[in-house]
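Chain and residue survey
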Amino acid sequence: MTERAEKFWLDFRERGMYTERIYERLFELASNPIEIYSFTKAYLENYHSGSTLFDASLSYISKGQFEELLEIALVILKKRENELAQSVIYYAILQFPELMTENLNEVLELYNEKYYNWSITPGRNFEEIQIEKLLAKFLRTDISKIEKQKIFEVLIQTRNLPSIEIAFKYALENNLFESLYPMEDLITHIECVGLTMKENTIVSYCPNIAYHFVFPKNYFSKNEPIWLDNKSEHPTWKFKASTKSFKFGGYLEKDLKNPFYHIITFDIIPEGIKVTNLKMLTLGLHINLLNEQFGPFFYTHDAYGKPSLINNGINYEIKYFDDDEYKEREVAFAQTPSRWRIQDWGMANSRENLFRLGGEPTAIQSPEVLICPNCKGKMDFFMQLDTGGDFFWGTGGICYIYWCDKDKVSGYCFQCT
Ligand SMILES: [Zn+2]
């Protein structure tokens, strides 16, 4: 350990979470990969209770170092339960799923223990041969229903369509989850991994490409102390944006009875986002209305991409309006690096930037894949807005925006705890 890391480690050993400037000092170490790793490794080897400080430190650990931590964690977990070691596994599954393929059997064995969190399941980036083996095991007649359920969860995580089709068909015919509505339940399962059912076929409802919003400096103006919800420290807030920026915020109609907010105008459609036959797309939302009535709400877009609420003849009025000026600004985007392609709301724990365009939604419960009011088909995921800055959803949730390209309809819903 360097002197700075050792000093922090000794102070932390003595005072625990009462260590002065604890997060500031952690972030100081994070600027040096060797220092942060030595602290995190020592933490893992000496403690066992789950810790937000430990979890926060993992975001600064490189892939090579993560591989080493994973080995240590697996050795620990073979002997006894340990929440820190479990954290290493969960974050590895999210951030470096490719590391799982080398330790597949050990990880799957652990997942058969009852204390594992099945919402974060290995499977992504598995190799073809591993997927084939899993599918063959899943179809065997000599394994229990419970084991099959677990393998099913891993199989869907692979996002490998041919295998999922076979597993889905088997699960439906045998009512694998003993559900009253097997079809609907299985669709909910696959919607958690970016897939859904359209016209009796399993397809992706998510763009292949993902971007993170990059906000102007001081957008999150609250002068918070460096703490977990500080909107600057985590790597997902620091991506380098492309030079193109977009108008963001402000109003489309400043009607006090039901203000129509401007979310964003894409005067160029970002690459990989499926919006065809429109040169521009403006997203707008009656935010107060969505917050008061939960929604979902849908908007139809004209030839210029401008939205109007599909109100089915209802003249909505809102109850509450706070007159904070909702300013127009500019935002830009950065293509999401593979490490942060899939983010989990719980594991992000307010540290991470969850303002995303494309990719898969970061659901708080299971994703609610909206149904287009025109064609009645499942819509495609478009983007999500977290709570923060000008936005506040319910008790502090995420707003999800969907798009039907055929009908030029956008749809909005939100989830919170
Ligand atoms: Zn439609």
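A quick note: this is a predicted structure, and the numbers were derived from the prediction, not measured. (Residues numbered from 1 in each chain as written. Predicted model: local features only at pLDDT ≥ 70, side-chain atom pairs only at ≥ 80, totals over all residues.)

Comments concerning the packing of helix H11 (residues 161-173) against helix H12 (residues 182-191)
- Orientation of H11 relative to H12, taken along the N-to-C sense of each, is 150 degrees, at an axis distance of 10 Å. Between H11 and H12, the interaxial angle falls into the category roughly antiparallel. The way H11 lies across H12 gives a crossing that is right-handed. Two secondary-structure elements touch here, H11 through Ile164, Phe168, Ala171 and Leu172 and H12 through Pro182, Met183, Leu186 and Ile190.
- Each residue belonging to the contact of H11 with H12 can be placed in one class, and the counts come to 8 nonpolar, no polar and no charged. (Axes fitted to C-alpha atoms, helices over the stretch in contact; angles between N-to-C directions. Helix = DSSP H or I, 4+ residues; strand = E, 2+ residues; numbered from the N terminus. Parallel < 35°, antiparallel > 145°, perpendicular 65-115°, else oblique. Left-handed = near helix turned anticlockwise from the far one by under 90°. Contact = placed C-beta atoms within 7 Å. Nonpolar A, V, L, I, M, F, W, Y, C, P; charged D, E, K, R; others polar.)

Here we look at unusual backbone geometry
- Glycine 295 connects to proline 296 through a cis peptide bond whose omega is 5 degrees.
- Secondary-structure assignment places proline 296 in the loop between helix H13 (287-293) and strand S8 (297-301).
- A positive phi angle is found at asparagine 200, which is not glycine, with a value near 65 degrees.
- One can find asparagine 200 in the loop between strand S1 (195-198) and strand S2 (201-204).

Section: the environment of phenylalanine 8
- Looking at the secondary structure, you find phenylalanine 8 in helix H1 (residues 3-15).
- In this structure the C-alpha to C-alpha distance between phenylalanine 8 and threonine 19, which are 11 residues apart in sequence, comes to 8.5 Å.
- Leaving out residues up to four positions away in the same chain, phenylalanine 8 has contacts with Arg25, Leu29 and Phe39.

Focus on the domain arrangement of the chain
- The domain architecture assigned to the chain consists of domain 1 (3-111), domain 2 (128-204) and domain 3 (210-415).
- Centre-to-centre separation of domain 1 and domain 3, based on C-alpha positions: 33 Å.
- Facing 12 residues of domain 1, the contacting portion of domain 3 comprises 12 residues.
- Elements with a contribution of two residues or more to the side of domain 1 that touches domain 3: helix H2 (22-30), helix H4 (52-58) and helix H6 (83-95).
- No other element matches H6, which puts 4 residues into the side of domain 1 that touches domain 3. (Domains from an automatic or database assignment.)

Digging into the pairing of strand S10 (residues 328-335)
- Looking at chain direction, strand S3 (residues 210-214) and S10 are connected through 4 bridges and run antiparallel. In the sheet register, tyrosine 211 faces S10, and the bridge partner there is glutamine 335.
- With 5 bridges connecting them, strand S4 (residues 245-249) and S10 associate as antiparallel partners. Across the sheet, the residue bridging to phenylalanine 246 is valine 331, located in S10. (Pairing = 2+ DSSP bridges.)

Considering the nonpolar core
- Formed by 46 residues in total, the largest nonpolar core has its most connected members in Ile398, Cys399, Ile401 and Tyr402.
- Listing elements by their share of this core, those giving two or more residues are S3, strand S6 (260-266), strand S7 (281-285), H13, S8, strand S12 (380-386), strand S13 (398-404) and strand S14 (409-415).
- No other element matches the 7 residues that S13 contributes to this core. (Core = buried A, V, L, I, M, F, W, Y, C linked by C-beta atoms within 7 Å. Buried ≥ 20, exposed ≤ 12 C-beta atoms within 10 Å, placed from the backbone.)

A short note on the packing of helix H3 (residues 33-46) against helix H5 (residues 63-79)
- Their axes nearest at 11 Å, the elements H3 and H5 cross at an angle of 10 degrees. Put simply, H3 runs roughly parallel to H5. Across from Tyr37, Thr40, Lys41, Leu44 and Glu45 in H3, the residues of H5 making contact are Gln65, Leu69, Ile72 and Ala73.
- For the contact of H3 with H5, the per-class residue count stands at 5 nonpolar, 2 polar and 2 charged.

Focus: the environment of arginine 25
- With respect to the helices, strands and loops of the structure, arginine 25 is situated in helix H2.
- Here arginine 25 falls in the partly exposed class, since 19 other C-beta atoms lie within 10 Å of it.
- Taking the C-alpha atoms as reference points, arginine 25 and asparagine 46, separated by 21 residues in sequence, lie 19 Å from one another.

Re the pairing of S2
- Note that S1 and S2 share 4 bridges and pair antiparallel. Each residue of the ladder has a partner; that of methionine 197, found in S2, is isoleucine 202.
- The antiparallel pairing of S1 with S2 creates a hairpin that spans 2 residues between the two strands, and glutamate 199 there sits at a positive phi of about 45 degrees.

Some thoughts on H2
- Of the positions making up H2, those classed as buried are Leu26, Leu29 and Ala30. End-on view of H2: buried residues confined to an arc of 105 degrees, all on one side of the axis.
- Structurally, H2 contributes buried residues whose contacts are with H1, H3 and H4. (Arc of directions from axis to C-beta.)

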